[in-house]
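Close look at the chain arrangement
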Amino acid sequence: MFAYYLDLALRSFRRSKALTALVIVLMGCGVATCMVSFAVFRAAAADPIPWKSNQLFVPQIDNFGPAHNWKGEPPILLSYTDAMALLHARQAKRQVLIYGSKWTLLPDDARQPPFPQEGDAVSSDFFAMFDARFRYGGGWSVHDDDQRAAVVVISSALNQKLFGGADSVGREISLDAHVYRIVGVLDDWEPRPRFFDVASTYYPFDHPRQLYLPFSRAIDLQKATSGQFYCSTNTVDPDLPDWSSVLHSECAWIAAWVELPTRTDAARYRDWLRNYAAEQQRLGRFAWPPNVRLSDVMQWLHQDNFYVIPKASELSMIVSVSFLLICLVNVIGLMLARFMRRAPEIGVRRALGASRGVIYRQFLTEAAAIGLAGGVLGLLLTALGMAGIGKVFEPEIARQARLDASLFLLTVLVAVLATLIAALYPTWRAAQVQPAWQLKSNG
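Computed from a prediction, not measured in an experiment: that's the story for all the values here. Here, residues in each chain are numbered from 1, in the same order as that chain's written sequence. Local features are withheld for residues below a pLDDT of 70 in this predicted model, meaning they are given only at 70 or higher, and side-chain atom pairs are given and counted only at 80 or more; totals for whole chains, interfaces and linings count all residues. Hydrogen atoms and water are omitted, and side-chain values are computed over all heavy atoms in the structure.

Working definition: helices are DSSP H or I runs of at least four residues, strands are E runs of at least two. Numbering for both runs from the N terminus. Every helix has an expected span of 1.5 Å times one less than the residues it contains. Over its 27 residues, helix H15 (residues 405-431) runs 38 Å from end to end, which matches the ideal 39 Å to within 8%, given 1.5 Å per residue. At Leu424, H15 shows its strongest bend, of approximately 40 degrees, with the proline Pro426 following within four residues. The angle between axes fitted to the seven residues ending at a residue and the seven residues starting there is what we call the bend at that residue.

Moving on, we get to the UniProt feature "transmembrane region" (unreviewed entry) in the chain. UniProt annotation of "transmembrane region" (unreviewed entry) refers to residues 315-337, 358-385 and 405-425 when read in the numbering used here. Across residues 358-385, the secondary structure splits into 100% helix and 0% strand, with the terminal C-alpha atoms separated by 40 Å. UniProt positions are given in the numbering used here, feature names are shortened, and annotations may be inferred rather than shown by experiment.

As a further point, take the nonpolar core. Counting residues in hydrophobic clusters, the biggest one holds 49 residues, and the most contacted among them are Ile173 and Trp253. Ranked by the residues each element gives to this core, the list is headed by helix H9 (residues 263-282), at six residues. Should any heavy atoms of two residues lie within 4.5 Å, those residues are counted as being in contact. In this structure, Trp253 is in contact with Leu77, Leu78, Tyr80, Ile98, Tyr99, Ile219, Thr225, Gln228, Phe229, Trp243, Val246 and Leu247, ignoring residues within four places of it in sequence. As used here, the term nonpolar core means buried Ala, Val, Leu, Ile, Met, Phe, Trp, Tyr and Cys residues forming a set that is joined through side-chain atoms within 4.5 Å. For every residue, the accessible area (1.4 Å probe, protein chains only) is compared with the maximum for its type, and the residue is labelled buried under 20%, exposed over 50%, or partly exposed between those bounds. Core analysis: the next-biggest nonpolar cluster, separate from the first, contains 40 residues, Val23, Ala44, Leu328 and Ile397 among them.

So, on to the pairing of strand E10 (residues 292-296). Within E10, four of the five residues are buried, which leaves the element mostly enclosed by the surrounding structure. Bridging between strand E1 (residues 56-61) and E10 involves five bridges; their strand directions are antiparallel. Directly across from Val58, in E10, lies its bridge partner Ser295. Here, strands pair whenever DSSP counts at least two bridges between them.

Any carboxyl oxygen of Asp or Glu that lies within 4 Å of a side-chain nitrogen of Lys or Arg is treated as forming a salt bridge with it. Across all of its chains, the model carries 19 salt bridges by this definition. Here Asp404 ties to Arg42 by a salt bridge, and the two come within 3.4 Å at their closest N and O atoms. Placement of Asp404 in the loop between helix H14 (395-398) and H15 and of Arg42 in helix H2 (residues 17-45) is noted, with a sequence separation of 362 residues between them. What makes Asp404 partly exposed here is its relative accessible area of 32%. Taking relative accessible area as the criterion, Arg42 reaches 24% and is therefore assigned partly exposed. Its salt-bridge partner being Asp176, residue Lys223 comes within 2.3 Å of it at the nearest N-O pair. Taken as a pair, Lys223 in the loop between helix H7 (215-220) and helix H8 (243-247) and Asp176 in the loop between strand E6 (172-175) and strand E7 (178-186) lie far apart in primary sequence, 47 residues in all. When its relative accessible area of 15% is taken as the criterion, Lys223 is described as buried.

Have a look at this one:
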């Protein structure tokens, strides 16, 4: 029976070529616009670590107080005092401290000039917590952290640049005139967005890190952060004369993460955070009640003050969905005109015994076929749009957008479903045609 309805649809297409083509073009353009915007939005808003994003949390402690925090929210980073208290308390399965810094690498070849490299100072749990993949070697140990060891993990790109891609574990590099032993080379591992230090740096989609060094070692070397550093919402550039002043200040500049496998663990840790803040109040450090937060990965990335998801991608989604709705309104009008022109045919079929259900199935099959054709056109236009999104969106984000199998299927599915929805009212009107009136009016 479906083949019969499809045959009727194809005959109808041939009789109304212009209207059919116009509907297909409208659906193709509307769906393609939506899919290109969705591809960019998906790349920016996707869960960067879906298999454990509900186990990784960011603790926040309000050390600014209600007079200096942002609308009652604690700072997104921790002071050195709070960060070290969190690290040493070891109340979570894993705990990590992070801050970004810049280093100068001196190549072994004296003919090559030194060049700058961006790196993260991290504690030893970093690699296990974020499931970093290694090509050679691995991370360093807690003992290395305690000993302020001169060890380093480098990216595969830096390994390729310095050692031609060979296994460089055990070899040495010179950073800021200090010698470091390479203990690991990362595989092509660079989460986008780089969610784990999005708070301490300004670039969640670019500036990939080439170096990872022990947090304790960077502190010992008095390595300043290259990321955010603020002492309250009112004081961005405080007067801190030396490194000791930085460490003992209430300035926020260190990102912290904890791994809590279960909800019970998370609840217990939240209590610990609250008790820690209460203790600081009792000690006279805080003059306000405990104000703490514990956010998982997606809660963290969707905070209003982060802008991890570019406003341009959100706006483009709204505009493209609106455009698709406008296309659908026009498709409804065209479908209505198309179907009602066939009122005499419907009247004859109804007079010969065709039920309204048959009319519904016939015209909805025809709409699905038009939607499928619109989906194919939408795929072509989506592929064309994906090639040019770098001219509309930031290149770092545009590079993350992909026309993969899921987007391929979604494009066709949206086109078919949207066309079916648009065809509901015209089909209902067609099914209401009165056969007696049509036969009488057409002689």
